Amino acid sequence: MGPSEVVSRRSFLRQSFAFSALAGLGALPSLASSKQIGSATGASRLLMVGDWGYENFEAQSRVAKAMQAYVRGQGFTTEALLMLGDNWYGPLPGGVKDVRWQTQFEEMYPKSVFDCPAYAIAGNHDYQRMPQSKVAAELEYAKLGGTRWTMPSLWYSFEFPVKKPLMTVIALDSNMPRPEGPQAAGVNFTLTPEQQAEQLAWLAAELEKPRKTPFLIVMGHHPIFSNGPHGDHKVLVRDWEPLLRKHKVHLYLAGHDHDMQHLEFDGHPTSFVLSGGGGADLYPLLIDEAQRGPYAQRVYGFSDLQVTPELLTLRHLDEQGRLIHAFTKRADGTVAIVS
């Protein structure tokens with residue numbers, strides 16, 4: 001099969017149907033095809049990036065520069081950043097005062113371009129003591145005056161944009177306890193079982209609250225479903241996925257696998273988006289997008305989420321700021337694959 005045939009087949013697959021990993025969930029989500037995509041008048045936009053704080057930050061720098069050039073070139077105001085976890089790989093010896101905060105956050109994503117909150121969640125690499133807890137340093141950094149780093153607790157919610165909000169966003173800690181040892185063993189640790197239960201109860205209660213926004217988003221570092229080497233997360237499939245389905249969550253945003261993905265499933269109201277190309281070494285994909293998609297690629301990049309009262313538009317961009325995949329989603333759950 002030649003390159004043109006691969007592209008044609010991929011285009012056909014994206015435009016024709018969603019891909020199923022769950023049996024018996026009912027009809028496919030409504031999918032449509034459109035060649036038109038642009039910035040809607042009055043839209044609010046945020047950028048997201050996952051798995052970015054790598055010790056060798058050459059790739060992170062390329063992605064960050066592409067993010068800056070993209071915003072300038074498109075001429076829009078970024079109203080938020082979503083930092084999807086694995087914010088710090090390797091040691092953070094100075095804790096809240098470590099120089100990496102300046103070189104790999106403040107300067108990498110400068111306020112001159114991104115004068116907005118940077119909503120952060122913890123990834124598994126943040127749950128390391130090197131020598132002190134990096135996640136503790138992240139929580140402390142958020143308390144400093146004048147910082148854009150926004151992480152009020154391990155899990156929290158916010159509305160976006162701040163004025164006349166259109167999305168309710170629930171930010172979660174996906175670092176589930178492991179059965180092989182206690183929470184505090186060695187360098188790596190996780191939530192405690194008590195914290196896990198507390199967060200799950202909070203999530204269920206948060207989803208039950210009446211909301212005024214047309215869209216509902218959940219974000220966590222670990223994907224619930226992934227075509228990458230980490231695969232589907234059994235605990236999150238058991239605990240979180242039924243809640244997303246029950247409450248018709250529009251998007252679940254994640255990182256963890258170092259690639260870019262968009263997965264749709266039979267009869268499921270939630271679109272699963274993975275944006276893990278922020279700078280760490282890329283991972284191979286174990287499931288091809290032709291088997292489960294519509295999109296999964298091993299590529300560095302970031303994502304752009306645009307929202308209006310009627311429509312979400314999610315774009316994946318590569319490390320040069322080129323559009324590599326895009327789709328829209330209406331409040332009623334209708335999905336259209338755009339690119």
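It should be emphasised that the depicted structure is a prediction, and the values quoted were computed from it without experimental measurement. (Residues numbered from 1 in each chain as written. Predicted model: local features only at pLDDT ≥ 70, side-chain atom pairs only at ≥ 80, totals over all residues. Heavy atoms only, no water.)

Participant: Teacher, can you tell me more about the overall build of the protein here?
Facilitator: For the protein, the count of helices and strands is 7 helices and 16 strands. In the protein, which comprises 339 residues, the share counted as buried stands at 55%. Residue pairs at least 24 apart in sequence account for 71% of intrachain contacts in the protein once pairs closer than 6 positions are excluded. For the protein, the accessible area works out to roughly 14100 Å², and carbon and sulfur atoms hold 53% of it. (Helix = DSSP H or I, 4+ residues; strand = E, 2+ residues; numbered from the N terminus. Buried < 20%, exposed > 50% of the residue type's maximum accessible area, 1.4 Å probe, protein only. Contact = heavy atoms within 4.5 Å. Areas by Shrake-Rupley, 256 points an atom, 1.4 Å probe, with all protein chains shown as cover.)

Participant: Help me understand the sheet that holds strand β6 (residues 156-160), please; the structure alone is not making it clear to me.
Facilitator: Paired through backbone hydrogen bonds, the strands of a sheet run either parallel or antiparallel to each other. Here we have 7 strands laid out as an open sheet, ordered β6-β7-β8-β9-β11-β10-β12, and mixed in their pairing. The open sheet has two edge strands, β6 and β12 (294-297), and neither has a second partner. Here the average twist between neighbouring strands, direction ignored, is 20°. With 5 bridges joining them, β6 and strand β7 (residues 167-171) adopt antiparallel strand pairing. Residue pairing in the sheet places serine 157 in a bridge with isoleucine 170 of β7. Those strands touched by helix α5 (residues 193-208) are β6, β7 and β8 (215-219), and its axis lies near 175° from that of β7. (Pairing = 2+ DSSP bridges. Axes fitted to C-alpha atoms, helices over the stretch in contact; angles between N-to-C directions.)

Participant: Where do I start with helix α2 (residues 58-74) in this structure?
Facilitator: Think of an α-helix as turning once every 3.6 residues; residues three or four places apart then point the same way. Helix length check: α2, at 17 residues, gives a terminal C-alpha distance of 24 Å against a target of 24 Å (1.5 Å per residue), a fit within 8%. The inward-facing, buried residues of α2 abut β2 (44-49), β3 (78-83), α3 (100-106), β13 (301-307) and β14 (311-318). Where α2 ends, the next residue or the one after it, glycine 75, has phi of about 70°, a positive value. (Expected span 1.5 Å × (residues − 1).)

Participant: Quick question: what am I supposed to make of the environment of glutamine 195 here?
Facilitator: Counting through the fold element by element, glutamine 195 comes out in helix α5. The class of glutamine 195 is partly exposed, set by a relative accessible area of 24%. Ignoring any residue separated from it by four or fewer positions in sequence, one finds glutamine 195 in contact with Leu154, Trp155 and Thr190.

Participant: Teacher, can you tell me more about the pairing of β2 here?
Facilitator: Note on strand geometry: in a regular strand, side chains alternate between the two faces of the sheet. For β2, the tally of buried residues reaches 6 of 6 residues, placing the bulk of the element in the interior. Burial of the side chains of β2 extends over both faces: Ser44, Leu46 and Met48 are buried on one face and Arg45, Leu47 and Val49 on the other. Of the strand pairs in this sheet, β2 and β3 are connected by 4 bridges, and their pairing is parallel. By the bridge assignment for β3, methionine 48 is matched with leucine 82. Crossover β2 to β3 through α2 is right-handed. (Right-handed = clockwise from strand over helix to strand, strands pointing away.)

Participant: Sorry, what's going on with the confidence of the model for the protein here?
Facilitator: Parts of the model with low pLDDT should not have their predicted coordinates read in detail. Per-chain confidence: the protein averages 89 in pLDDT, with 86% of residues scoring 70 or above. Predicted confidence for residues 1-36 stays below pLDDT 50, and this span has 66 contacts to residues more than four positions away or in other chains. (pLDDT = per-residue confidence, 0-100.)

Participant: Help me understand the environment of leucine 312 in this model?
Facilitator: Note that leucine 312 resides in strand β14. Of the residues examined, leucine 312 reaches a relative accessible area of 2% and is grouped as buried. Not counting residues up to four positions away in its chain, the partners in contact with leucine 312 are Met167, Phe215, Ile217, His250, Leu251, Leu305, Gln306, Val307, Phe327, Thr328 and Lys329.

Participant: Quick question: what am I supposed to make of the pairing of β14 here?
Facilitator: Where burial is concerned, most of β14 is hidden: 7 out of the 8 residues are buried. Pairing between β13 and β14: 7 bridges, direction antiparallel. Looking across to β14, one finds that glycine 301 is bridged to aspartate 318. Inspection of the sheet shows β14 paired to strand β15 (residues 323-330) by 7 bridges, in the antiparallel sense.

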